[in-house]
Amino acid sequence: MEHKQLGSFVNNQRQLYRRREKGEKTSLTEGRIPSDSAPPRRRRRRATKRRRRSVPQKHAAEYTRGDTHAELLTKRRALKKDLAALHPTKRDKVLAHLHGGERRDLAKARLKNLKEDDRHADHSNLTEYQKQSLHKRRKKPNNALQRQMHRRETKRLRNAMEAADVGEILHSHAAELVEAETDMERTTQLTQRSLKNEHLEENVARNVYDLKLTDYGPYKLRYDRSGRHSLLAGAKGHVSIIDQHTLGLKTEFFLPGDIVRDACFLHDGSMLAVSQRQCVYVYDGASGAEVHRMDGHRRVGGMAFLPYHWLLATVGDNGVLQYQDTSTGSLVSQHRTKMGPCGAVRQNPFNSVVHLGHTNGTVTLWSPSSSEYLVKMLCHKGSPITSLAIDRSGRYMATGGGDSKVKIFDLRTYKELHSYNTYGGAPTCVDISQTGILGVGHGCHTTFWRPEALRTKMKQPYMKHQLSGNGPLESLRFRPFEDVCGIGHAGGISSIVIPGSGEPNLDSMEHFTNPYADAKQRREGEVRSLLEKLTPEMISLDPDAVGGIEESNLIQRQQRLRDVAEEADARKVADKEARKHKKEKKKMRGRGKIAKKLRRKQQNIVDEGMLKLKELREEERAERERQTLNHNGDDEGEEEAPAALKRFF
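Quick summary incoming for the structure in this document.

About the criteria used
Residues numbered from 1 in each chain as written. Predicted model: local features only at pLDDT ≥ 70, side-chain atom pairs only at ≥ 80, totals over all residues. Heavy atoms only, no water. Core = buried A, V, L, I, M, F, W, Y, C linked by side-chain atoms within 4.5 Å. Buried < 20%, exposed > 50% of the residue type's maximum accessible area, 1.4 Å probe, protein only. Helix = DSSP H or I, 4+ residues; strand = E, 2+ residues; numbered from the N terminus. Disulfide = S-S within 2.5 Å. Phe/Tyr/Trp six-rings, centres within 6.5 Å; stacked < 30°, edge-to-face > 60°. Lys NZ or Arg CZ within 6 Å of the ring centre and 35° of its normal. Pairing = 2+ DSSP bridges. Axes fitted to C-alpha atoms, helices over the stretch in contact; angles between N-to-C directions. 1 Å grid on protein atoms, 1.4 Å probe; cavity = no way out; pocket = protein on both sides within 12 Å on 5 of 7 lines; lining within 4 Å. Points joined across faces, edges and corners; volume = space filled by probe spheres on them. Nonpolar A, V, L, I, M, F, W, Y, C, P; charged D, E, K, R; others polar. Polar contact = N/O pair within 3.5 Å; in protein donor to acceptor, adjacent residues only side chain to side chain. Contact = heavy atoms within 4.5 Å. Salt bridge = Lys/Arg side-chain N within 4 Å of Asp/Glu carboxyl O.

## Some points on the nonpolar core
For step 1, the next point in the chain: Residues Leu 356, Met 377 and Met 397 are the most contacted members of the largest nonpolar core, which totals 26 residues.
For step 2, the next point in the chain: Put simply, the parts of the chain that give this core at least two residues each are strand S10 (300-306), strand S11 (311-316), strand S12 (320-325), strand S14 (342-347), strand S15 (354-358), strand S16 (362-366), strand S17 (375-378) and strand S18 (385-390).

This is the structure in structure tokens:
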């Protein structure tokens, strides 16, 4: 500002001051420095303030990776429209990724309970100021929190849709079954010979073969979790492991003078457990050398290995179920079933509960943490359970009985759905593939049913195969991740192809399920599996209920406690009334002693000693009567004597 302008400004201020002293009215704008004549620093400040007022202010929470809150809501509406336009199957997959394993009805019920708790909250301990603040906070919406929730929900929805798309890309294959072209054709007419020669590729057709092993049969067949190795166990002491990729012999050893009751792989193909005549032995899968002997497992007829808990479950002729930890070598638990010998043993892949089939027609469900069975089901009345199997989802159980029937049960309600009759003999082996195909071995025949046969009863089976002269069949198992079924019988081993029985998509992150894993991957998988091993106490009928938390509904909780208290009071009053009207039992002293009870029981037994005792007692009684008669004859004079002389007698 120049000196002249500054002097005029000072004069104006003086005049303004004098006018205000005289009482004259002045405007608010008088005496201010004009904007063009203001100092440069002050002019810059005013320009900055004008720019700030012209640019709309945005909250920090309105930005999401460059998107404002309005843009975010627009994207969320677009994602919901895309979700509504999807196919129902894909929409279910997106919702499964979005909500995880949580059920929507439970989530809504939990949210409803939380709202009820807020509505009936106890404010007696709050001051008036705190109550007013809480009331204002409820009436005034929290915009920052709402924006943050909208941002997270939009991100979760976008990630769920991307995960569903990735899942479709990874699971590019689906299990396909054989379909008949016309109504006159039946898939049961398709034989293994025609499949091998006309329909199958060379790498699949090589899985159709027969191994004739008549010297050590009958044979039992098992596969490891990856389907890479198969275990052959002959009843007369022959054990061998075959590599299914090369069909080469990996390990073979003989047990002369001993028998093999059952055999199974442990965590992978490198270890196997063999139940022999007296106890169970553990062998090395590479060399066949004996690693360990479990003396506590006597005369075992059935075994099952729990891979997520590293437990070997065994049951035998004594009816005792035992759980052995194969990682530490210790016995976890031991339960007496009290139902006699048992040979049908299977584990539920869904919750690791062990199912036992007994000779009285019942199936019991067991857990290591319970000394009693969890569930007992009467499946075949009057007939023994010869075999059983549980599907991959843990919903359906198939049982074979001595009444020549295969029954399907729903494990969610423990009720029978339907049954199938077998011909040529009772079903001796039953198995369910990864895709749900039911395989039944009866006599020298094998029958396979479609996956729909577990839910509804079907009239015609899917495929059939006959092994003439080799019945009854000893075992039937589906090979994991392959359309192959292995059958063990008295003449050796038979391998057949059942199209659509194997899971086509391999999860290589699952422990011991990768058939193409090298030595380093197997070693790292074993260490990782041991680190992630579950405790035996976590085995229950509902695996999702582990570490559950009580619902937060205060009203329901108080009502439940009130009902429990009223029930206890009513029971107490009823007991008191029963004691009043109870007829008291007349007791004699000493009547309840053990010796007298045994003496009373002994009186009902008639033997030579008892007869002699009776004769002696009769003679003693007769002798007493004789003496009494003689004594009475001597006293006749005493009775006839006068009263005054009786004192001398």
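## Some points on the state of the cysteines
For step 1, the next point in the chain: The final tally for this structure, using the stated rule, is 0 disulfides.
For step 2, the next point in the chain: Cysteine Cys 485 remains unbridged, with the sulfur of Cys 429 as its closest cysteine sulfur at 8.5 Å.
For step 3, the next point in the chain: The exposure class of Cys 485 is buried, given its relative accessible area of 0%.

## Re the packing of aromatic side chains
A ring pair, where both rings are aromatic, is described by two values, the distance of the centres and the angle of the planes.
For step 1, the next point in the chain: In the structure shown here, the tally under the stated rule is 7 aromatic pairs.
For step 2, the next point in the chain: Here the aromatic rings of Phe 448 and Phe 478 are separated by 5.9 Å at their centres, their planes lie at 70°, and the arrangement is edge-to-face. Of this pair, Phe 448 sits in strand S24 (residues 445-449) while Phe 478 sits in strand S26 (residues 475-478), placing them 30 residues apart in sequence. The burial state of Phe 448 is the same as that of Phe 478; both residues are buried.
For step 3, the next point in the chain: Through a chain of ring-to-ring contacts, the aromatic side chains of Phe 253, Tyr 281 and Tyr 283 assemble into a single cluster.
For step 4, the next point in the chain: Positioned over the ring face of Tyr 308 is Arg 225, at 5.3 Å from the centre of the ring.

## Structural notes on the sheet that holds strand S13 (residues 331-336)
For step 1, the next point in the chain: The antiparallel open sheet is built from 4 strands, whose spatial order is S10-S11-S12-S13. Taken across any chain shown, the strands that pair with only one partner, and hence form the sheet edges, are S10 and S13. Taking each pair of neighbouring strands and ignoring which way they run, the sheet shows an average axis angle of 15°.
For step 2, the next point in the chain: Relative to S13, S12 runs antiparallel, the two being bridged by 5 bridges. Counted as the bridge partner of Gln 322 is Gln 334 from S13.

## Side note on empty space enclosed by the protein
For step 1, the next point in the chain: Throughout the structure, instances matching the rule amount to 1 cavity of 30 Å³ or more.
For step 2, the next point in the chain: Of the voids in this model, the largest cavity is the one considered here, and its volume is about 50 Å³.
For step 3, the next point in the chain: What lines the largest cavity is simply Tyr 209, Leu 211, Leu 221, Tyr 223, Ser 230, Leu 232, Ile 242, Gln 244, Gly 486, Ile 493, Ser 494 and Ser 495.
For step 4, the next point in the chain: At the level of elements, strand S1 (209-212), strand S2 (219-223), strand S3 (229-234) and strand S28 (492-497) are the ones that each hand at least two residues to the lining of the largest cavity.
For step 5, the next point in the chain: Broken down by element, the residue count for the lining of the largest cavity peaks at 3 residues, all from S28.
For step 6, the next point in the chain: Broken down by class, the residue content of the lining of the largest cavity amounts to 7 nonpolar, 5 polar and no charged.

## So, the layout of surface pockets
For step 1, the next point in the chain: There is about 1,300 Å³ of room inside the largest pocket.
For step 2, the next point in the chain: Forming the walls of the largest pocket are 44 residues, and the residues nearest its centre are Arg 225, Pro 307, Gln 347, Pro 349 and Pro 480.
For step 3, the next point in the chain: Secondary structure elements with two or more residues in the lining of the largest pocket: S2, strand S6 (260-265), S10, S14, strand S22 (427-432) and S26.
For step 4, the next point in the chain: Among the residues forming the lining of the largest pocket, the class breakdown is 22 nonpolar, 10 polar and 12 charged.

## Focus on the side chain of Thr 314
For step 1, the next point in the chain: By the element assignment, Thr 314 lies in strand S11.
For step 2, the next point in the chain: Looking at Thr 314, its side chain comes within polar contact range of the side chain of His 297, at 2.5 Å.
For step 3, the next point in the chain: Setting aside residues up to four positions removed in sequence, Thr 314 forms contacts with His 297, Val 300, Gly 302, Met 303, Val 320, Leu 321 and Gln 322.

## As for the sheet that holds strand S9 (residues 290-294)
For step 1, the next point in the chain: With antiparallel pairing, 4 strands are arranged side by side in an open sheet as S6-S7-S8-S9. Whereas interior strands pair on both sides, the edge strands pair on one side only; in this sheet they are S6 and S9. Pairwise comparison of adjacent strand axes, ignoring direction, gives a mean angle of 20° for this sheet.
For step 2, the next point in the chain: Inspection of the sheet shows strand S7 (residues 271-276) paired to strand S8 (residues 280-284) by 5 bridges, in the antiparallel sense.

## Some words on the side chain of His 309
For step 1, the next point in the chain: Mapped onto the elements of the fold, His 309 is located in the loop between S10 and S11.
For step 2, the next point in the chain: With a relative accessible area of 4%, His 309 lands in the buried category.
For step 3, the next point in the chain: Ignoring any residue separated from it by four or fewer positions in sequence, one finds His 309 in contact with Ser 352, Lys 533, Leu 534, Thr 535 and Ile 539.

## A word on the pairing of S28
Where a strand is regular, its side chains alternate between the two sheet faces.
For step 1, the next point in the chain: For S28, the tally of buried residues reaches 6 of 6 residues, placing the bulk of the element in the interior.
For step 2, the next point in the chain: Across 4 bridges, the pairing between S1 and S28 is antiparallel. By the bridge assignment for S28, Leu 211 is matched with Ile 493.
For step 3, the next point in the chain: In this structure, strand S27 (residues 484-489) lies alongside S28, joined through 6 bridges in antiparallel fashion. Looking at S28, one finds that Gly 486 is bridged to Ser 495.
For step 4, the next point in the chain: The antiparallel pairing of S27 with S28 creates a hairpin that spans 2 residues between the two strands.

## Here's the deal with the pattern of salt bridges
For step 1, the next point in the chain: Under the criterion given, the structure shown has 18 salt bridges.
For step 2, the next point in the chain: For Arg 261, the salt bridge is made with Asp 317, and the minimal N-O distance between the two is 3.8 Å. With Arg 261 in strand S6 and Asp 317 in the loop between S11 and S12, this pair connects stretches of sequence that are 56 residues apart.
For step 3, the next point in the chain: Exposure remark for Asp 317: the relative accessible area of 33% places this residue in the partly exposed category.
For step 4, the next point in the chain: Among the charged side chains, a network of salt bridges with common partners joins Arg 261, Arg 299 and Asp 317.

In short, shape yes, function no, at least from these values alone.
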